[in-house]
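# Report on the structure
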Amino acid sequence: MTRAALTAICLAVLLFCSCGAKPNGSKTKKPKQVIPAIECDVRAGKINLPEFIAKCPASCKEAKQQVYGTGVFASISSICNAAIHSGVITNSGGKVIVRKMAGQNIYKGSLSNGVRSLSLPKWRESFTVSVGKPKKGVLYPSTLDYTPSRPSTVKTGQKEAKPPLVTTVLPATVAPEPPTTTTTAPPEPPSTTTPAPTTTPPPTSTTTKTRAAVHKVRDADPESSRGKVAPETTVTRVEPVDAWKPEVAPYDTAGFSVREQDSIPRTPEPASQGDPNCKVDIAFLMDGSWSIGKRRFKIQKDFLAEVSQVLNVGIAGPMMGIIQFGDEPVTEMSLKAYSNSRDVKSAIEKIVQKGGLSNVGKALSYVNKHYYSDANGNRGGAPNVAVVLVDGWPTDKVEEASRLARESGINIFFVTIEGPDENEKQNVVEANFVDKAVCRTNGFYSLPVSSWFALRKAVQPLVKRVCDTDRLMCSKTCLNANDIAFVIDGSSSVGTGNFRTVLQFVANVTREFEISDTDTRVGAVQYTYEQRLEFAFGQHNHKADLLNAIKRINYWSGGTSTGAAITYAADQLFSKSKPNKRKIMIVITDGRSYDDVRVPALAVHRQGVIAYSIGIAWAAQDELEYIATDPDKEHSFFVDEFDSLYKFVPKIIHNICQEFNSQPRN
């Protein structure tokens with residue numbers, strides 16, 4: 001090889017090495033944080049991450065998305081407007097770090113940075129916002145998932161496919177004990193399907209299940225008496241024989257199993273609009289414990305299927321889900337799984353009994369913490385209803401779990417089948433468990449049924465109750481449960497400019513409430529010597545329309561007859577209040593009345609009206625106290641100038657919410 005060729009080779013090698021080498025002192029480039037963008041109306045609860053970063057667009061303040069709380073916000077709040085309210089970003093947008101936290105007992109509203117946040121008594125989840133500058137070494141998700149990922153499973157239609165069960169073997173610790181009494185249960189009625197091959201039942205374990213409190217034995221005969229157990233200090237629970245019979249795939253006349261047939265793709269039923277007069281999100285907690293046996297479990301499924309037909313499930317009406325409870329609760333059907341009654345009925349037919357004890361308290365806790373989520377189909381604007389079907393009585397305590405569920409806005413109903421008789425009440429785990437659990441103790445929320453075979457008679461009464469949205473008081477908060485009447489002084493001493501200030505005060509109070517025909521309704525009366533109904537309850541069922549109606553009230557001018565105005569408001573407004581609405585009257589006046597206010601005020605107090613009096617300038621203190629509901633200091637206010645009226649808005653809202661949350665459950 002010539003020297004020239006060797007030189008060329010060496011130069012080529014050196015050039016290759018130098019091109020592959022990194023520049024002196026260069027470092028490995030760190031991945032750049034990608035900030036996902038969100039829209040103004042995205043609520044924190046919609047994003048299923050405990051902590052994340054997001055970028056808000058400009059002009060979110062103009063979108064007027066609702067925010068609940070100050071500093072710590074309820075998860076139904078808009079992320080971007082919460083950030084503006086906190087001063088983390090301006091209305092021109094910016095990056096925000098969101099951290100989730102536990103729910104709060106109360107969220108206080110306030111006006112900050114041009115955003116008005118609302119008050120809320122309680123919510124199940126909270127969040128805070130901070131400036132969107134990640135700490136060194138912290139990398140947040142670059143995409144935001146709005147719905148949780150589901151486990152990869154083979155699906156049949158809309159339900160997850162489960163392999164056919166040939167036998168069901170119970171663990172030794174929960175294996176049923178054969179009955180020790182001499183009473184023999186009659187056989188189950190013959191099946192309409194071709195019988196499947198028989199299998200040998202699992203051997204009976206010598207280990208038995210015991211409880212501190214005895215539970216009834218459910219035999220298979222509808223006419224037989226309940227199982228009797230001799231009184232002892234500790235009693236062994238006797239499980240029904242049919243609880244451990246093997247389950248096999250039934251066969252139809254076509255010669256293949258029903259489960260195999262389900263795997264054939266089917267065109268789903270179109271979404272139904274449903275009954276618009278029954279817009280509720282309803283979860284049924286069905287008893288899957290071994291104490292009821294298979295026959296009664298089948299009766300329970302038939303009952304739920306019939307309820308689904310009567311409800312008329314649909315996206316604009318009721319949506320229905322099912323949780324089965326035993327030792328542990330299991331979601332059988334989410335609220336959004338099926339959007340018509342036919343598909344719901346088909347899904348119910350496939351539910352298999354889980355077995356175990358009747359742990360109702362654990363099931364209610366599960367519903368409260370996990371079931372009513374946006375990802376599960378909770379619509380937010382529809383009341384949450386949980387109907388518990390329980391055989392006999394729960395095997396755990398329900399009081400605390402029920403209280404927390406009620407405070408989250410869940411209307412709890414109890415359907416008790418074959419409840420404890422006088423001799424059995426001593427064995428109940430928690431005395432008076434129904435009244436401790438239900439939303440109200442007035443009998444509306446509890447349906448006792450004498451036997452499983454009378455359960456069908458409860459279909460119509462139950463549907464009627466859960467669809468009566470005006471009486472679903474646990475879904476109501478202090479912001480959506482009122483009929484509020486403003487009684488406004490339009491006398492000559494007020495003047496046109498001050499009258500507009502009064503109307504602004506009325507609008508500011510109104511803006512704090514949730515307005516609709518089924519939520520808070522507002523009416524207004526203006527008075528001088530005479531009275532004029534400006535608008536009635538329910539005349540304006542959208543907040544924007546209502547605020548415009550307040551703005552359009554024309555100043556009247558005249559004398560001051562406050563007593564006659566109170567009587568007029570009672571006749572024209574409160575006589576038309578809906579049942580179970582909290583009646584609130586707010587009287588605004590700037591002078592002494594020409595007539596007596598004591599008798600009219602006492603009359604409305606006796607009608608259950610909560611009266612607030614707002615006095616300005618020359619208003620008489622003694623009259624303000626006569627008008628106001630006791631205690632006066634919580635319901636009567638006075639200012640020297642009209643321009644100071646705005647100061648009372650948060651105080652009035654706070655008092656209304658405090659009184660609502662302290663009312664008894666009966």
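Let me begin by describing the structure that accompanies this report.

Rules and cut-offs
- Residues numbered from 1 in each chain as written.
- Predicted model: local features only at pLDDT ≥ 70, side-chain atom pairs only at ≥ 80, totals over all residues.
- Heavy atoms only, no water.
- Disulfide = S-S within 2.5 Å.
- Helix = DSSP H or I, 4+ residues; strand = E, 2+ residues; numbered from the N terminus.
- Buried < 20%, exposed > 50% of the residue type's maximum accessible area, 1.4 Å probe, protein only.
- Pairing = 2+ DSSP bridges.
- Axes fitted to C-alpha atoms, helices over the stretch in contact; angles between N-to-C directions.
- Contact = heavy atoms within 4.5 Å.
- Salt bridge = Lys/Arg side-chain N within 4 Å of Asp/Glu carboxyl O.
- Phe/Tyr/Trp six-rings, centres within 6.5 Å; stacked < 30°, edge-to-face > 60°.
- Lys NZ or Arg CZ within 6 Å of the ring centre and 35° of its normal.

### Considerations on the state of the cysteines
Covalently bonding the sulfur atom of one cysteine to the sulfur atom of another cysteine gives a disulfide. The full count for this structure, using the stated rule, is five disulfides. Cys40 shares a disulfide with Cys60; S-S distance 2.2 Å. An S-S torsion of about -85° defines the bridge between Cys40 and Cys60 as left-handed. Here Cys60 lies in helix H2 (residues 60–63) and Cys40 lies in the loop between helix H1 (3–20) and strand S1 (51–56), a separation of 20 residues in the sequence. As far as burial versus exposure is concerned, Cys40 and Cys60 are alike and both buried. Here the bonded cysteines of the chain are numbered in sequence order, and their pairing is 1-3, 2-4, 5-7, 6-8, 9-10.

### Points about the sheet that holds strand S18 (residues 482–489)
Spatially, the six strands line up as an open sheet ordered S20-S19-S18-S21-S22-S23, and their pairing is mixed. Where the open sheet ends on each side, the last strands, each with one partner, are strand S20 (531–535) and strand S23 (636–639). Across the sheet, the mean angle separating the axes of adjacent strands is 15° when strand polarity is ignored. Bridge count for strand S22 (residues 610–616) against S23 is four bridges, and the pairing is parallel. By the bridge assignment for S23, Gly615 is matched with Phe638. Of the strands in this sheet, S18, strand S19 (521–527), strand S21 (582–589) and S22 are in contact with helix H11 (residues 496–511), which crosses S18 at around 170°.

### Brief notes about the pattern of salt bridges
Scanning the entire structure with this criterion turns up 21 salt bridges. The partner of Asp470 in a salt bridge is Lys578, and the shortest N-O contact between them spans 3.9 Å. Placement of the pair is Asp470 in the loop between helix H10 (459–466) and S18 and Lys578 in the loop between helix H13 (562–572) and S21, with a sequence separation of 108 residues.

### Considerations on the sheet that holds strand S17 (residues 446–449)
Strand order in this open sheet of six strands is S14-S13-S12-S15-S16-S17, and the pairing throughout is mixed. Either end of the sheet is taken by a strand with one partner, and the two such strands are strand S14 (329–333) and S17. Adjacent strand axes in the sheet meet at a mean angle of 20° when their direction is disregarded. Here strand S13 (residues 319–325) runs beside S14; their pairing, made up of four bridges, is antiparallel. Pairing of Ile322 across the sheet is with Met333, part of S14. Lying on the sheet, helix H7 (residues 360–371) is in contact with strand S12 (281–287), S13, S14, strand S15 (384–391) and strand S16 (410–417); it crosses S13 at an angle near 140°.

### What to know about the packing of aromatic side chains
One pass over the structure, following the stated rule, counts ten aromatic pairs. Relative to Phe574, the ring of Phe537 lies with its centre 5.9 Å away and its plane at 55°, an arrangement referred to as tilted. Linking Phe537 in the loop between S20 and helix H12 (543–551) with Phe574 in the loop between H13 and S21, this pair joins segments that are 37 residues apart in sequence. By relative accessible area, Phe574 is classed as buried at 4%. Here a set of aromatic residues connected by ring pairs shows up, and it is made of Phe413, Phe444 and Tyr445. It is Arg471 that lies over the ring of Phe444; its NZ or CZ is 4.0 Å from the centre. Above the ring of Tyr626, the side-chain terminus of Arg598 is found at 5.4 Å from the ring centroid.

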